[in-house]
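# Architecture and fold: a report
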Amino acid sequence: MIKFFRKTRQNLLSEGKTGKYFKYAIGEIVLVMIGILLALQVNNWNQNRINKQKEKLLLVELHNEFVKNKEQFENVILAHEKALKSTDYMINQFPINPKEINLDTLFAHTRGWANRHTFNPSQGVIKSLVNSSSFDIISDSELRKLLVSWEDVLTDYQEEENIASEILRNHISSKLLDKIAY
Amino acid sequence: MFKLRRNNLKDIIENEENEISLIRKTISKIIELSKAKNQ
């Protein structure tokens, strides 16, 4: 192929057809440029295809991680709601009349406070994703925003969880239990 | 005194409920978008 082009060039030069030679040279340049653009395009398509595959794999892992996190979260909230109901029950018993109160029910409610349920989500996938170049592969801008804000959302929630837990431990359960002798 | 504590407790519960709502929404949206994109 290269030989063919060289021969054509030489023929045109030796025959003194300068105008035709220039036309041919421009044609050859255009051809080379088209070739380069095509190669770049193919490379882009290939890169996009690889990125889409990577994105798909990452999203599957992310999806699984958050499905499990959601399950854990709902269980934690359920335990918090039980603790809240028990707290309400205990507060509403005051002033306690030992002759009227059902001690078994009272005891059952204090048990709701014994286990501190905290939300500790698995974050392996999201952390590795947000802190790496793979993050750019995520094409959905809304999802990207949510992933970036996740750490703040979780920290805010955990702060409230700690405050509630501290209040329950130091100000409610300890003070209420002081008044009850089993 | 007890009333004040009860109000504090209400505020704490309200704050936690707000955070619960926000985190629940965030988790659900991440699940939804990651599912939609990988199908």
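Only a predicted model underlies this, so the values are computations on that prediction, with no experimental measurement involved.

Cut-offs applied
Residues numbered from 1 in each chain as written. Chains lettered and ligands numbered in written order. Predicted model: local features only at pLDDT ≥ 70, side-chain atom pairs only at ≥ 80, totals over all residues. Helix = DSSP H or I, 4+ residues; strand = E, 2+ residues; numbered from the N terminus. Rg over C-alpha atoms; globule rule 2.2 N^0.38 Å. Buried ≥ 20, exposed ≤ 12 C-beta atoms within 10 Å, placed from the backbone. Contact = placed C-beta atoms within 7 Å. Core = buried A, V, L, I, M, F, W, Y, C linked by C-beta atoms within 7 Å. Expected span 1.5 Å × (residues − 1). Axes fitted to C-alpha atoms, helices over the stretch in contact; angles between N-to-C directions. Parallel < 35°, antiparallel > 145°, perpendicular 65-115°, else oblique. Left-handed = near helix turned anticlockwise from the far one by under 90°. Nonpolar A, V, L, I, M, F, W, Y, C, P; charged D, E, K, R; others polar. pLDDT = per-residue confidence, 0-100.

Secondary structure assignment for chain A yields five helices and zero strands. In chain A, the order of α-helices and β-strands from amino to carboxyl end is α-α-α-α-α. Rg of the C-alpha trace for chain A: 36 Å, well past the compact-globule value of 16 Å for 182 residues, more than 25% over. Projecting the C-alpha coordinates of chain A onto the three principal axes gives extents of approximately 125 × 20 × 20 Å. A buried classification covers 13% of the 182 residues belonging to chain A. Long-range pairs, those at least 24 residues apart, make up 73% of the contacts in chain A with a sequence separation of at least 6.

The next thing to look at is the nonpolar core. In terms of nonpolar packing, the biggest core is built from 14 residues, with A:Leu62, A:Ile126 and A:Leu129 touching the most fellow members. Where this core is concerned, the elements lending two or more residues are helix 2 (18-92), helix 4 (124-130) and helix 5 (141-178) of chain A together with helix 1 (2-37) of chain B. In contact with A:Leu129, not counting residues within four places along its chain, are A:Leu58, A:Leu62, A:Ser134, A:Phe135 and A:Leu147.

All right, on to helix 1 (residues 2-14) of chain A then. Note on helix geometry: an α-helix contains 3.6 residues per turn, so any two residues three or four positions apart are oriented the same way. Residue and element names in this part refer to chain A. Spanning 13 residues, helix 1 covers 18 Å between terminal C-alpha atoms, matching the ideal 18 Å at 1.5 Å per step. Counted residue by residue, helix 1 has zero buried out of 13 residues, so it is predominantly exposed. With its phi angle positive at about 75 degrees, Gly16 sits one or two positions after the end of helix 1.

With that settled, consider the packing of helix 1 of chain A against helix 2 of chain A. Residues and elements named next belong to chain A. Interaxial distance between helix 1 and helix 2 falls to 9 Å at its minimum, and their mutual angle equals 155 degrees. By the angle between their axes, helix 1 is roughly antiparallel relative to helix 2. Between helix 1 and helix 2 the crossing geometry is left-handed. Two secondary-structure elements touch here, helix 1 through Phe5, Thr8, Arg9, Leu12 and Leu13 and helix 2 through Lys20, Tyr21, Tyr24 and Glu28. Partitioning the contact of helix 1 with helix 2 into residue classes produces five nonpolar, one polar and three charged.

Take the interface of chain B and chain A next. Between chain B and chain A, the contact holds 18 residues from the first and 26 residues from the second. When the residues that make up the side of chain B that touches chain A are grouped by side-chain class, the tally is nine nonpolar, four polar and five charged.

Moving on, we come to the confidence of the model for chain B. Mean pLDDT over chain B works out to 80, with 74% of the residues at or above the 70 mark. ipTM for the predicted complex: 0.80, alongside a pTM of 0.76.

In this section: the environment of A:Ile77. Within the secondary structure, A:Ile77 is located in helix 2. The spacing of A:Ile77 and A:Val42 is 35 residues in sequence and 51 Å in space, taken between C-alpha atoms.

Let's shift gears to helix 2 of chain A. In this model, helix 2 of chain A (75 residues) spans 105 Å end to end at C-alpha, consistent with the 111 Å of a helix rising 1.5 Å per residue. Within the span of helix 2 of chain A, buried status applies to A:Leu58, A:Leu59, A:Leu62, A:His63, A:Glu65, A:Phe66, A:Asn69, A:His80, A:Ala83, A:Ser86, A:Thr87 and A:Met90.

Turning our attention to the environment of A:Thr87. Residues and elements named next belong to chain A. If you trace the backbone, Thr87 turns up in helix 2. Residue classification places Thr87 among the buried residues on the basis of 20 C-beta atoms within 10 Å. Each C-alpha atom of the pair Thr87 and Gly27 lies 86 Å from the other, and the pair is 60 residues apart in sequence.

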